[in-house]
Structure formats: C-alpha cells, structure tokens
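Summary of structural features
Spelled out, the chains give:
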Amino acid sequence: MRHPINRAAMYAILVVVGANYLAQIPYYLYLYYLPHRALPPLFGTSLLAATFVWFLLGWLLLARRGSLTGYWLLLTFLLTEFIFYFLNMANQVAHGFAPFFHLQNRDPLLFTVFAIGYLNMVGGLAFIIFLVLRYRTLVVDQRPGQMSPA
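Below is a summary of the structure that appears in this document. (Residues numbered from 1 in each chain as written. Predicted model: local features only at pLDDT ≥ 70, side-chain atom pairs only at ≥ 80, totals over all residues. Heavy atoms only, no water.)

Overview of the nonpolar core
The tendency in soluble globular proteins is for nonpolar side chains to be buried side by side. In plain terms, the rule: In this description, a nonpolar core means a group of buried Ala, Val, Leu, Ile, Met, Phe, Trp, Tyr and Cys residues linked to one another through side-chain atoms lying within 4.5 Å. The buried label applies to any residue whose accessible area, calculated with a 1.4 Å probe on protein chains only, is under 20% of its type's maximum; exposed applies above 50%, and partly exposed to all values in between. To qualify as a helix, a DSSP run of H or I must reach at least 4 residues; to qualify as a strand, a run of E must reach at least 2; elements of each kind are numbered from the N terminus. Working rule for contacts: check all heavy atoms of both residues, and any pair within 4.5 Å makes them a contact.
Counting 32 residues, the largest nonpolar core has M10, I13, L62, L74, L78 and L131 as its most contacted members. Among the elements of the structure, helix 1 (4-36), helix 2 (42-65), helix 3 (68-94) and helix 4 (108-133) are those that each provide at least two residues to this core. Not counting residues within four places of it along the chain, the set of residues in contact with M10 comprises M1, W59, L62, A63, L74 and L138.

Dropping the structure here:
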C-alpha cells in the first residue's frame with residue numbers, strides 16, 4: 001500500500017475485527033462450556049468460521065493486492081457486521097434497554113467482550129466510510145487480463 005493512512009486503517013480493521021473473533025473463545029468457554037460442559041453447536045461454529053474466512057479473504061486480497069474482489073468482500077463483510085450489531089442494539093432498545101447497556105456488566109470478561117462487540121459496530125461504520133471514501137487509493141487500477149501487483 002502506497003498511502004500510510006490506508007495501511008494504518010487496514011491494520012486497524014484487522015485488529016478490531018480480529019479481536020472480536022478472538023473474544024468469542026473466552027466468551028463461549030465462560031458462559032457455556034465451563035459451567036455446562038456444552039460443546040459448541042456445529043451450525044454456529046460453521047457460521048463463525050465462514051464469516052471469518054469471508055473477512056480474512058477480503059482483507060488479504062485488498063491489503064496485499066489492492067484487489068477489487070477483496071474490496072467488495074471486505075466492504076460487504078463490514079456492512080453485514082455493522083447491520084448485525086446495529087439491529088441487535090435496536091432490538092434491545094425496543095425492549096426497554098438503554099443503548100450500550102451491556103457495558104454496565106460488572107464481570108470483567110463479559111464487559112470486555114461486549115465492549116469489543118460495540119467497538120466492532122462503531123468501528124465497522126467508520127471502516128465502511130473509510131473504504132468508500134478511499135476506494136481509488138485502495139484498489140489498484142486493473143484492466144481485463146492484468147494481474148494486480150503483489
């Protein structure tokens with residue numbers, strides 16, 4: 001990446017989204033496995049893995065190659081993630097809870113996981129805006145049959 005701001009933003013996206021995926025491990029262990037010895041459901045685990053591949057493929061293709069495919073994969077991932085978190089917040093507000101009410105949780109692990117989730121919602125919107133505004137500097141100009149630089 002030629003532009004330092006693009007490089008910094010792309011690594012910020014990787015850190016924020018990566019932290020969200022990593023936070024799912026202690027969250028699951030703490031709430032489900034340790035107290036109940038419940039194994040993770042295959043469907044949920046598969047969805048989590050599929051979305052992680054979706055994110056990582058988009059990030060790698062855009063950050064490393066300036067690929068148009070990577071741009072669209074990453075943008076659609078971030079849009080989906082933002083909408084997921086936003087609709088969850090809208091649902092909690094519709095049921096009488098304050099926005100960001102999970103941050104009132106006194107358990108340090110749960111507070112941290114919820115804070116990372118909220119950061120993904122707010123950061124996701126900022127990252128979407130960044131990708132849209134910086135499209136021309138992120139995506140390498142490719143002509144049909146031309147490979148993007150590595």
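Here the narrative resumes, following the displayed structure.
Considerations on a nonpolar patch on the surface
Quick note on the threshold: Exposure above 30% relative accessible area and the absence of a salt bridge qualify a residue for a patch, where like charges join within 9 Å and nonpolar side chains (Val, Leu, Ile, Met, Phe, Trp, Tyr) within 5 Å. Calculation of accessible area relied on Shrake-Rupley with a 1.4 Å probe; when residues are assessed, cover is drawn exclusively from the protein chains displayed. Salt bridge, as applied in this entry: a Lys or Arg side-chain nitrogen positioned within 4 Å of an Asp or Glu carboxyl oxygen.
On the surface, L22, I25, L29 and L34 cluster together into a nonpolar patch covering about 390 Å² of accessible area. Assignment of secondary structure puts I25 in helix 1.

Remarks on the packing of helix 3 against helix 4
The relative placement of two packed helices comes down to the angle between their axes together with the axis-to-axis distance. Using the following cut-off: To define axes, lines are fitted to C-alpha atoms, for helices over the stretch in contact only, and angles between the resulting N-to-C directions are given on a 0 to 180 degree scale. Any angle that falls under 35 degrees is termed roughly parallel, while one over 145 is termed roughly antiparallel, one within 65 to 115 roughly perpendicular, and all others oblique. If you view the pair so one helix is near and one far, a crossing is left-handed when the near helix is turned anticlockwise from the far one by less than a right angle, and right-handed when it is turned clockwise. Each residue gets one label: Ala, Val, Leu, Ile, Met, Phe, Trp, Tyr, Cys and Pro are nonpolar, Asp, Glu, Lys and Arg are charged, and the others, such as Gly, are polar.
Helix 4 packs onto helix 3 with a crossing angle of 140 degrees between their chain directions and a minimal axis gap of 9 Å. The orientation of helix 3 with respect to helix 4, classified from their angle, is oblique. As for the relative orientation of helix 3 and helix 4, their crossing is left-handed in sense. On helix 4, the residues that touch Y71, L74, L75, L78, L79, E81, F82, Y85, F86, M89 and Q92 of helix 3 are G117, Y118, N120, M121, L125, F127, I128, L131 and V132. Here the contact of helix 3 with helix 4 is built from residues that sort into 16 nonpolar, three polar and one charged.

Focus on helix 3
Definition in use: Expected helix span is computed as 1.5 Å times (number of residues minus one). Whenever a nitrogen or oxygen atom comes within 3.5 Å of another N or O atom, the pair is scored as a polar contact, on the condition that within protein one atom can donate a hydrogen and the other can accept it, and that pairs from neighbouring residues in sequence are kept only if both atoms are in side chains.
Between its first and last C-alpha, helix 3 extends 38 Å over 27 residues, near the 39 Å set by a 1.5 Å rise per residue. Within helix 3, burial applies to G70, Y71, L74, L75, F77, L78, E81, F82, Y85, M89 and Q92. Contacts made by the buried residues of helix 3 are with helix 1, helix 2, helix 4 and helix 5 (135-138). In this structure S67 caps helix 3, since a side-chain oxygen of it lies 3.1 Å from the backbone nitrogen of T69.

Describing the side chain of E81
To be explicit about the condition: In this charge count, Lys and Arg are treated as positive and Asp and Glu as negative; neither His nor the chain ends contribute.
Looking at the secondary structure, you find E81 in helix 3. It is R64 that comes nearest to the buried, bridge-free E81 among opposite-charge side chains, at 19 Å. In contact with E81, other than residues within four places in its own chain, are V17, N20 and N120.

Digging into the side chain of D107
Along the chain, the position of D107 falls in the loop between helix 3 and helix 4. Of the buried charged residues, D107 lacks a salt bridge, with R106 as the closest side chain of opposite charge at 11 Å. A polar contact of 2.9 Å, which involves the side chain of D107, links it to the backbone nitrogen of L109.

Purely geometric stuff here, so don't read any function into it on its own.
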